[in-house]
Amino acid sequence: MRNLLWLLLIVLVGPANSQPDVHLKVTKQEYRAIPIAIADSTGDLLTPLLEAHHDFLSYFKWAIEITGYAEIVNSSSGQPEAVVEIKAKAASDGIGYEIKLDDYSSKATIFRRRYTSSSETLRHTAYLAADDVIFALTGRHGIANTRIAFVAGKRSQSHLYVATIDGRWVKQVTRVPGIVMSPAWSPDGNLLAYVSYSQGKPDLYVTDITSFETTRFLAFEGLNATPAWSPDGRYLAVTLSKDGNPEIYVIATDGKSIRRVTFYSGIDCSPTWAPNGLELAFTSDRAGSPQIFVTDIEGISVRRLTHEGSYNTSPAWSPQGDLIAFVSRIDGRFQICTTDPFGTEVNVLTQAGNNEDPTWSPDGMHIAFSSTIGGKTGIYIMRKDGGGKRLILDSYEYARNPSWSGSAYSITMNEASR
Amino acid sequence: MKFFILCLIVVSLILFGACHPKKMRPLEGQEQTQVEKKSQAPPPEKKIEQEVTPIKPLEPAEEKKIVLESIHFDFDKYNLTDEAIAILTKNAEILMNNPDVKITIEGHCDERGTEEYNLALGEKRAMAARDFLVRFGIEKSRISIVSYGEERPIDPRHNEEAWAKNRRAEFVLR
């Protein structure tokens, strides 16, 4: 009997001791928005060019501030660190711009470039100029020219959309309102995989965003859910319950191969690829509560990534591979966190409301997520250190499930449809 | 060590056996009795019965009025509670007595937690209910399952009472 007690003691104490020392911390924001001033001269511009120029300015400011890297301040009272000088001039087919970025105190010029914009390319030019200024100022890329897929509408009356993150170009992907979720972009930005109940159960569909042609790709019995494209675009990792349990499978997009990756009698779901295509992070309740695990794509070597708390789900591996974003329940609410691929340190990036569905920007410097911060569900973006939170696509009711396209996107070709 | 494992096995067998219905129990409650009468009565007797008590003629349409009660789950769980097992046992008996009835079990979650995980959780809840019915003796082919995750709450409010109602498996006749 004494032996039995010792055994029990070892069993009870053992796992606790073997857990790595993980520290949950509220992130100290590593980056602060650089205050910049804008000096604007309109020269000889008259209406309607003057009005077009005002549009240009508002596009430009939005594209600067949406990055969270810079904030636009008043040149006299805002203590700017840099000044953007914008000189507009009537050109033969629109407006010519000369844009110059100076250090405020030394007056040294950091960046200078000329742009020409017709009324059709006004917004594109403004975003291009803003991205150039941001890059000159921070060495990081802007995000104004990127696309997001998202779901909006009340639950079973929802639609899937693709949009530029400014919400000015939007296409509705689904034709009939219904339950739709989990959009995922192919790496080339041409295909969108998602879950739809249009046949009464969760099946996996793929829509070509260039032609809007839709294929029902997977319709196994039970769940066909949580798609994630491999970095080379040749495979989809998905959750299927066809073998009697929600498990993760890797399926060739040409339909020629299917491989089961997880083998556990509980829940395995929500796979996300490491950028090298060799590992998957996923959610599993094999430890008694939902936690994030990492497996090689053969399903042989599995390690546990999250240890804090009793609810960690929805992993999203950053394009650089350095971080995995996920959702964690902290004090009864759901927050966006990041950790490194070995789970040594957890950063909590959101504090208010309930937050879900993290997805990375193409350059891995921003995270989009759905949140109730503003009282109702909407899509927000933030820097990867948690700073610079902003609501986007706010004209859509109950916008959620964002998926950030990994490929750059030219707005000009769709400018006419705005 | 061996003794300990043996003990564990014995204890778990006893526990498992206790909540696992080994055989049909006599029907209880009015609903089931009614259903039993309708479906089990062989045709000639039915006719006689009709002649004796022609107040409620038995029609196929009426047989559709079978009501299978929903079961509920704890937060983030898909194991069957004692209450759920009692309800499932009743549902199994109804299905046993109505061999032509086919059902879809819908698994649902409350709004808390992530949508994708709740989709898998709803699937596991529906599976738990189905597996119980199959162990009871209902043919697997009569049961299909579908998870709606958190997409179809029956109570749209955002409080404990609503959440408890929404964490459920529903039995829908096909």
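Bear in mind that the values here come from a model prediction, so they are computed numbers and not experimental data.

Chemist: How should I be thinking about the overall build of chain A in this particular structure?
Modeler: Helix and strand content of chain A: three helices and 30 strands. Put simply, of all contacts in chain A between residues at least 6 apart along the chain, 44% involve residues at least 24 apart. Accessible surface for chain A amounts to roughly 18000 Å². Of this, 50% is attributable to carbon and sulfur atoms.

Chemist: Would you mind going over the overall build of chain B with me for this structure?
Modeler: Helix and strand counts for chain B stand at seven helices and four strands. Reading the secondary structure of chain B in the N-to-C direction produces α-α-α-α-β-α-β-α-β-α-β. A burial count over chain B gives 43% of its 174 residues as buried. Within chain B, residue pairs in contact and separated by at least 24 positions form 74% of the contacts whose partners lie at least 6 positions apart. Surface accessibility of chain B: about 10000 Å² in total, with carbon and sulfur atoms responsible for 59%.

Chemist: Looking at this structure, I do not really get the side chain of Glu151(B). What am I missing?
Modeler: Within the secondary structure, Glu151(B) is located in the loop between strand E3 (143-149) and helix H7 (160-166). Buried and unpaired, Glu151(B) has Arg400(A) as its nearest opposite-charge partner, separated by 4.3 Å. With sequence-adjacent residues up to four places away left out, Glu151(B) is seen in contact with Arg155(A), Ile179(A), Met181(A), Arg400(A) and Glu115(B).

Chemist: Any chance you could explain the sheet that holds strand E12 (residues 203-208) of chain A here in plain terms?
Modeler: Sheet strands line up and pair through hydrogen bonds in the backbone, either parallel or antiparallel. All names here are of chain A. Pairing is antiparallel across the open sheet formed by four strands, whose spatial order is E10-E11-E12-E13. The open sheet terminates on both sides in strands that have one partner only, identified here as strand E10 (180-185) and strand E13 (213-218). Sheet twist, expressed as the average angle between the axes of neighbouring strands with direction ignored, equals 25°. With five bridges joining them, E12 and E13 adopt antiparallel strand pairing. When the bridges of E13 are listed, Tyr205 appears paired with Arg216.

Chemist: What's the story with the sheet that holds strand E29 (residues 390-392) of chain A in this structure? I'm lost.
Modeler: All names here are of chain A. What the four strands build is an open sheet, ordered E26-E27-E28-E29; its pairing is antiparallel. The sheet terminates laterally at strand E26 (355-360) and E29, the two strands that pair on one side only. Going across the sheet, the axis of each strand differs from the next one's by a mean of 30°, ignoring polarity. Pairing between strand E27 (residues 366-371) and strand E28 (residues 378-383): six bridges, direction antiparallel. Residue Ile367 lies in a different strand from E28, and its bridge partner there is Met382.

Chemist: It is not clear to me how the environment of Lys124(B) should be interpreted in this structure. Could you clarify?
Modeler: Of note, Lys124(B) is situated in helix H6 (residues 115-136). Taking the C-alpha atoms as reference points, Lys124(B) and Ala169(B), separated by 45 residues in sequence, lie 9.9 Å from one another. The contact partners of Lys124(B), leaving out residues within four places of it in the chain, are Asn245(A), Pro246(A), Ser265(A), Gly266(A), Ile267(A) and Tyr78(B). A polar contact is formed between the side chain of Lys124(B) and the backbone oxygen of Ser265(A), at a distance of 2.6 Å.

Chemist: I tried to follow the environment of Val133(A) on my own but got confused; where do I start?
Modeler: Residue and element names in this part refer to chain A. Of note, Val133 is situated in helix H3 (residues 122-138). With a relative accessible area of 0%, Val133 lands in the buried category. Between the C-alpha atoms of Val133 and Arg112, which are 21 residues apart in sequence, the distance is 8.8 Å.

Chemist: How should I be thinking about the nonpolar core in this particular structure?
Modeler: Considering soluble globular proteins, one finds that nonpolar side chains tend to be buried as a cluster. In this structure, Val238(A) and Ile367(A) are the most contacted members of the largest nonpolar core, which totals 39 residues. Take this core: its biggest share by element is four residues, from H6(B). If you look at the next biggest cluster of nonpolar residues, it comprises 34 residues, including Ile34(A), Ala70(A), Leu101(A) and Ala129(A).

Chemist: What is the right way to read the layout of surface pockets from this model?
Modeler: Gaps between atoms show up when a probe of the same size as a water molecule is rolled over them. Taken as a whole, the largest pocket holds about 910 Å³ of empty space. In terms of lining residues, the largest pocket is bounded by 38 residues, among which Ala228(A), Thr272(A), Trp317(A), Thr359(A) and Ser403(A) are the most central. Looking at the lining of the largest pocket residue by residue, the classes come out as 21 nonpolar, 14 polar and three charged. If you add up the space inside the second largest pocket, you get close to 780 Å³. In terms of lining residues, the second largest pocket is bounded by 33 residues, among which Thr372(A), Thr377(A), Tyr398(A), Glu111(B) and His158(B) are the most central. Secondary structure elements with two or more residues in the lining of the second largest pocket: strand E24 (333-339), E26, E27 and strand E30 (400-404) of chain A together with H7 of chain B.

Chemist: Hey, could you run me through empty space enclosed by the protein in this one?
Modeler: The final tally for this structure, using the stated rule, is two cavities of 30 Å³ or more. Volume-wise, the largest cavity comes out at about 40 Å³. Contributing to the lining of the largest cavity are Tyr311(A), Phe75(B), Asp76(B), Cys109(B), Asp110(B), Arg112(B), Gly113(B), Asn118(B), Leu121(B), Arg125(B) and Arg167(B).

Chemist: Sorry, what's going on with the interface of chain A and chain B here?
Modeler: Where interface size is given, it is often the accessible area lost as the parts come together that is meant. Taken together, the contact pairs 39 residues of chain A with 27 residues of chain B. Here chain A and chain B share an interface that buries about 2700 Å² over both sides, 60% of which is from carbon and sulfur atoms. The salt bridge partner of Glu115(B) is Arg400(A), with a shortest N-O separation of 3.2 Å. The interface formed by chain A and chain B holds 14 residue pairs in polar contact (both at pLDDT 80 or more) in total. Secondary structure elements with two or more residues in the side of chain A that touches chain B: helix H1 (2-18), E10, strand E14 (224-229), strand E18 (268-273), strand E22 (312-317), strand E23 (324-330) and E30 of chain A. Ranked by the residues each element gives to the side of chain A that touches chain B, the list is headed by H1(A), at three residues.

Chemist: Is there a simple way to think about the confidence of the model for chain A in this case?
Modeler: Segments scoring low in pLDDT should not have their predicted coordinates read at a detailed level. Residues and elements named next belong to chain A. Averaged over every residue, the pLDDT of chain A is 90; the share at 70 or more is 91%. pLDDT under 50 marks residues 7-21. Its contacts with residues more than four places away, or in other chains, come to nine contacts. The model gives residues 410-418 a pLDDT under 50, and that stretch makes 18 contacts with residues more than four places away or in other chains.

Chemist: I would appreciate a short explanation of helix H5 (residues 82-97) of chain B in the present structure.
Modeler: An α-helical segment advances 3.6 residues per turn. Residues three or four places apart therefore align on the same side. Taking 1.5 Å per residue as the helical rise, H5(B) with its 16 residues ought to reach 22 Å, and the 23 Å between its terminal C-alpha atoms agrees with that figure. Among the residues of H5(B), Ala84(B), Ile85(B), Ile87(B), Leu88(B), Thr89(B), Asn91(B), Ala92(B), Glu93(B), Ile94(B), Leu95(B) and Asn97(B) are the ones counted as buried.

Chemist: Would you explain the confidence of the model for chain B in this entry?
Modeler: Here chain B averages 78 in pLDDT, while 63% of its residues score no lower than 70. Taken as a whole, residues 13-50 of chain B scores under 50 in pLDDT and shows 35 contacts with residues more than four places along the chain or in a different chain.

Chemist: Would you explain the pairing of E18(A) in this entry?
Modeler: Side chains on a regular strand alternate between the two faces of the sheet. Residue and element names in this part refer to chain A. Burial analysis of E18 places six of its six residues in the buried class, the great majority of the element. Two strands pair when backbone bridges link them, and E18 and strand E19 (residues 279-284) are joined in this way by four bridges, in the antiparallel orientation. Counterpart to Trp273 in the pairing with E19 is Leu280.

Scoring rules and cut-offs
Once a new chain begins, its residue numbering starts again from 1 and follows that chain's sequence as written. Note on labels: chains are lettered from A, ligands numbered from 1, in written order. At least 70 in pLDDT is required for a residue's local features to be given in this predicted model, at least 80 for side-chain atom pairs to be given and counted, and no such filter applies to totals for whole chains, interfaces and linings, which use all residues. Excluding hydrogens and water, the side-chain values take into account all heavy atoms of the structure. Here a helix means four or more residues in a row that DSSP labels H or I, a strand means two or more in a row labelled E, and each is numbered from the N terminus. Here, two residues are considered to be in contact whenever any of their heavy atoms come within 4.5 Å of each other. Note on areas: these come from Shrake-Rupley sampling with a 1.4 Å probe, and a residue is covered only by the protein chains present in the view. Exposure categories follow from relative accessible area, calculated using a 1.4 Å probe and restricted to protein chains: below 20% of the type maximum is buried, above 50% is exposed, and the middle band is partly exposed. Neither His nor the chain ends is counted toward charge; the positive residues are Lys and Arg and the negative residues Asp and Glu. The salt bridge definition used is simple: a Lys or Arg side-chain nitrogen within 4 Å of an Asp or Glu carboxyl oxygen. Strands were regarded as paired on the criterion that DSSP finds at least two bridges between them. Axis definition: a line fitted to C-alpha atoms, limited for helices to the stretch in contact. Angles are taken between N-to-C directions and run from 0 to 180 degrees. Here a polar contact means two N or O atoms within 3.5 Å. Within protein one must be a hydrogen donor candidate and the other an acceptor candidate, and residues neighboring in sequence count only if both atoms are side-chain atoms. Only buried residues count toward a nonpolar core. Its members are Ala, Val, Leu, Ile, Met, Phe, Trp, Tyr and Cys residues joined through side-chain atoms within 4.5 Å. A pocket, in this scheme, is an open set of points on a 1 Å grid over the protein atoms alone with protein on both sides within 12 Å along at least 5 of 7 lines, while a cavity is a set where a 1.4 Å probe fits but cannot get out; residues line either one if an atom lies within 4 Å of a point. Grid points are joined across faces, edges and corners, and a volume is the space filled by probe spheres set on the points. Basically, the charged four are Asp, Glu, Lys and Arg, the nonpolar ten are Ala, Val, Leu, Ile, Met, Phe, Trp, Tyr, Cys and Pro, and anything else, Gly included, counts as polar. Throughout, the accessible surface (probe 1.4 Å) given up by two parts as they are put together, summed over both, is called the buried area. The quantity called pLDDT is the predictor's confidence in a given residue, expressed from 0 to 100. In this scheme, a helix's expected span is set at 1.5 Å multiplied by one less than its residue total.

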